[in-house]
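Residue-level structural notes
These are the residues of each chain, in order.
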Amino acid sequence: MSEVTQLLRDWSEGREGARNELLDLVYEPLRLIAERHLHRERQGHTLQPTALVHELYLRFVDQRRVDWRDRTHFFAVAAQVMRRILVDYARRRNSEKRGGSMLPITLTAALDAAAEENFDVVALDLALENLAAIFPQQAKIVELRFYGGLTLDETAEALGISAATVSREWTMARAWLRRALTP
Amino acid sequence: MTADPFWNNVRSLFQTAAELPRDRRAEFLDRECRDAAMRAEVESLLEAHDNAGTFLEKSIWDLIDANDPHRLAGTAIGPYRLVRPLGHGGMGTVFLAVRADADFDQRVAIKLVRGGTELIARFRQERQILAALEHPNIARLIDGGTTADGLPYLVMEYVDGSPIDEYVRELSLEERLRLFLQLCDAVQHAHRSLVIHRDLKPGNVLVTRGGTLKLLDFGIAKLTSQVSETSTRLMTPEYASPEQLAGLPVTTASDVYSLGLILRELLVYDKLSACRPGLSLSPTWRACPTPKLRGDLETIVSTALAHEPARRYASVEKFADDIRNYLAGRPIAARPATFVYRSSKFVRRNKLGVAAVIAIIAITTIAFIATLQQKRVAERRFDEVRSLAHSVVFELHDAIATLPGSTAARALLVKRALVYLDHLAEEASDNTPLQLELARAYLKIGDVQGLPYSANLGDSTGAMRSYRKALSIAQGVPADDGDASLILADAHDHIGFVEERALHWPVALREHQAALAIRSKIAHSIEGDFAQARTLVSIGDCMYVGENQIPAVQLTPAHGWYERSLQVLAHIPPSADRLRVLHDSSRANQRLGSFWTYRHDLKRALQYHDAALTGLEECMRLAPDDATARRNYADQLVMKATAQNTYGDIDGVIEGTQRALPILDALAAADPKNSEAQHDLAFAHEQLALGLIRKERWSDARAQAEQVLAIRQKLIAADPNNREDRRDMMRTYGVLIAIEKAAGNESAVAELEAKSKTISREVAR
């Protein structure tokens, strides 16, 4: 069993600290894959950006031994990592405003897309943090859906709650964040 | 689920109301919600809900997919077909494309803009400018038009080449200079056509395999007749001139400056291994013994890089002429700048002063013991002991507080006096003035033990204990006592300061808000205004630095608090205490400078930083013997340097930190027990290291970073509970990792990363 699988199991069994260890473990490889992906881009090969998370998943988890619950948990972690990478990258871009050709195209596309939808990923991250202080489950739902790309049903499964609850909480979280990001 | 009933109610009301038709919500809330605050909350959420549109409906992955420029590969634009993205610039994506209807394979670069009307307007402007520029060293505009979606595009000559800084690696000095002359020709041509490039950098200058140079990207160029409008947002700060960074009008002299930077880079590139200036703190090309950057070339580069536009070459043509003069062995027109030797005699070490203080402590201790013995014999001596203790804690302490090197002496002095005051307070627990005096003495010793941002012994645990004791003593005094209120407010503020250092922002905010609530009830006085201004700055600090930790409902914009503080200070008549007004306003200005740096408003950031610098310079002049004034001035130079590092004004960083370091060095040497001085020194070395990294002066950067490491290790060992020291250490590891990565020391990188991880866990705990 791979280390990630073990940690996923530990986490689902509620062992304190397993989540953070998992996060530490996957952050770096995910970042490397992102970099490699961007490098390929420069070589002219096209790779679906969503492949980032899938590739990481395949690399770390022996799929035959992992049930669906583990897989969802894995995406939950990947969602957190994605959130961190995006915010780190946005902060870096904001502080450096380096010349164009140096910017990784995919992450730039993500930030531009966010800007077109009229929000900024750093502001969203902060607002989400504030939301988590009051409604931790709502913040979790946003993380899984927005950063993890999970569907409503997958989110419900991951959190062990009903899809109807996810939908209700999501509606409120979205209103909360919209308000927080409205100047 | 949250435990807070208020929020639980808000949630259930919102969720029910959101499912109702809009016109029935008011009636529902009238019936179910009696609390006005709760109703306002629910209504504002409902409003956001109604206006949410498609907000967050697509996941970040969907957004990436939709925006990924690779999706456009194969798309036809006019007669061209996009092949693949080449890069992403300030205004849009550049694609390699081919002409689909041509008999021959014509490769072109197509620039497509995405985004708002402002960018589209700029883009049209670039098209206009390029159409007017015809020069063999400027990438040619071939065509342009509008896509089916109405977005403008440019078709440009495709330049298959490398950036100039990479291209020159294998070239001799003369070849590098001749290539640079091609660049000067291109820029000169643009200037003659009344166009300023404004974003000259190696990435915009490509050289083909055949050795032809092509200048690209007139994206943020301006016609010279329109220079009054400034734009700092789109340019690249690393190659920008000081006036561009300051948001001032840009002229052809700005391009001269950027050309100077490029030339310097071309000349020292990949020669860094031969350049080992060691610990020297002078700017790159002064310290660098590379023979190329001596003599005339040094003079040429430094003339192009003069800070004041008027002292640079008057035109690119004159700049190029001097390079031609150099190549032909003729005398150059520029004259070397006078080298100003900066003496580091900022600090006069006052050894005699410290010795005198120690003698005074010895005498007063003897006097205490004598008096106390007498007191035991005769109760009527009580007041005399008290007055002696008071004099030691307040008058003597304050008299020596500004002497460099007095921190340890101050601690000893206050601690001794406290022992006697403690005894006295026990014997007279119902004596209000004495209790207050004791509370004040505890505040004072807390400050000496560990009040951040002032000379202290770095014992934050001890400081907290002393402040809590001051708080509990003052709380025992009748509530209507004005003096007690002042002490309470101070104690709250000081606890807040220590919590800030421990990065406990919500706790710190609570303490400062408690202080503000008390202060706003106390009768107006000059002393009270100073204190209130300081509390306001602290609340601003919590909102600004602690932004991540403070719940949204409590969060207000930090700059508003700082501005309120400046307003309070502006009402204090300068005759009251000019030095203090200057000092405190400078502190608020400094915070505003940092705040606007964080918010990426360079113009405002520099304005505030410069205001702070001017104020603190005057403080130093008004109080030449005050160690704190010198420290604050040096600290402000470093704070400005952090802003300059953010914006890429690296020469400014190097100059500023080099002015600050001798002052901070002397202060730390004169007061070795003062941990704040060590913090300051580490921070200054670190900013310099960051600047040197940007200049790729690796060995200089390493020397600076190693000094930072040594200081931080000592600080952590001395105050193991301090989280901020650990967080700072993570930053230092980051600096070292960057240096080791550049040197290719993979094992060192791995070791540092492991250390950084360990310490990040300690910080998170």
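It should be emphasised that the depicted structure is a prediction, and the values quoted were computed from it without experimental measurement.

**Topic: the overall build of chain B**
- Check the secondary structure of chain B and you find 29 helices and 11 strands.
- Split into buried and exposed, the 765 residues of chain B put 46% on the buried side.

**Observations concerning the sheet that holds strand β7 (residues 161–163) of chain B**
Residues and elements named next belong to chain B.
- Taken together, the three strands give an open sheet; going across it, the order is β7-β9-β10, and neighbouring strands pair in antiparallel fashion. Each edge of the open sheet is held by one strand with a lone partner, namely β7 and β10 (213–215). Ignoring which end each strand starts from, the neighbouring axes of this sheet average 35 degrees apart.
- Across the sheet, helix α7 (residues 173–192) is in contact with β9 (205–208) and β10; its angle to β10 comes to roughly 35 degrees.

**Concerning the pairing of strand β5 (residues 141–146) of chain B**
- Direction of pairing for β5 of chain B relative to strand β6 (residues 152–157) of chain B: antiparallel, over a ladder of five bridges. From the neighbouring strand, D143 of chain B faces β6 of chain B, where its bridge partner is V155 of chain B.

**Here's the deal with the pairing of β9 of chain B**
All names here are of chain B.
- Sheet topology note: the β7/β9 ladder contains three bridges and is antiparallel. Within the sheet, the bridge partner assigned to P163 lies in β9 and is L206.
- Bridge count for β9 against β10 is three bridges, and the pairing is antiparallel. Paired with V205 across the two strands is L215, which belongs to β10.
- Between β9 and the antiparallel strand that follows it, β10, lie four residues; G211 among them carries a positive phi value of about 90 degrees.

**Describing helix α28 (residues 723–743) of chain B**
All names here are of chain B.
- Between its first and last C-alpha, α28 extends 30 Å over 21 residues, near the 30 Å set by a 1.5 Å rise per residue.
- If you check which residues of α28 are buried, you get D725, R726, D728, M729, T732, Y733, V735, L736, I737, I739 and E740.
- Positive backbone phi, at 75 degrees, marks G744, one or two positions downstream of α28.

**Digging into the confidence of the model for chain B**
Residue and element names in this part refer to chain B.
- Looking at chain B as a whole, its pLDDT mean stands at 78, while 78% of the residues score no less than 70.
- Low pLDDT (under 50) marks residues 337–363, which in the prediction has 31 contacts with non-local residues, meaning those over four places away or in another chain.
- Low pLDDT (under 50) marks residues 369–381, which in the prediction has 10 contacts with non-local residues, meaning those over four places away or in another chain.
- Interface confidence for the predicted complex, expressed as ipTM, amounts to 0.78; the pTM equals 0.41.

**Observations regarding the packing of helix α18 (residues 482–501) of chain B against helix α20 (residues 526–545) of chain B**
Residue and element names in this part refer to chain B.
- Between α18 and α20, the least distance of the axes is 11 Å, while the angle of their chain directions is 30 degrees. Judged by the inter-axis angle, α18 sits roughly parallel to α20. α20 is crossed by α18, and the crossing has left-handed handedness. Every residue of α20 that contacts α18 at A489, D493, G496 and E500 is listed here: A531, R534, T535, S538 and D541.
- Taken together, the residues that form the contact of α18 with α20 break down as two nonpolar, three polar and four charged.

**Some points on the nonpolar core**
Residue and element names in this part refer to chain B.
- A470, A474, I487, A491, L664 and A689 are the most contacted members of the largest nonpolar core, which totals 107 residues.
- The element that contributes the greatest number of residues to this core is helix α25 (residues 650–670), accounting for 11 residues.
- Counting 65 residues, the second-largest nonpolar core is a separate cluster that includes A139, V205, F218 and I323.

Thresholds, definitions, all that
Residues numbered from 1 in each chain as written. Chains lettered and ligands numbered in written order. Predicted model: local features only at pLDDT ≥ 70, side-chain atom pairs only at ≥ 80, totals over all residues. Helix = DSSP H or I, 4+ residues; strand = E, 2+ residues; numbered from the N terminus. Buried ≥ 20, exposed ≤ 12 C-beta atoms within 10 Å, placed from the backbone. Pairing = 2+ DSSP bridges. Axes fitted to C-alpha atoms, helices over the stretch in contact; angles between N-to-C directions. Contact = placed C-beta atoms within 7 Å. Expected span 1.5 Å × (residues − 1). pLDDT = per-residue confidence, 0-100. Parallel < 35°, antiparallel > 145°, perpendicular 65-115°, else oblique. Left-handed = near helix turned anticlockwise from the far one by under 90°. Nonpolar A, V, L, I, M, F, W, Y, C, P; charged D, E, K, R; others polar. Core = buried A, V, L, I, M, F, W, Y, C linked by C-beta atoms within 7 Å.

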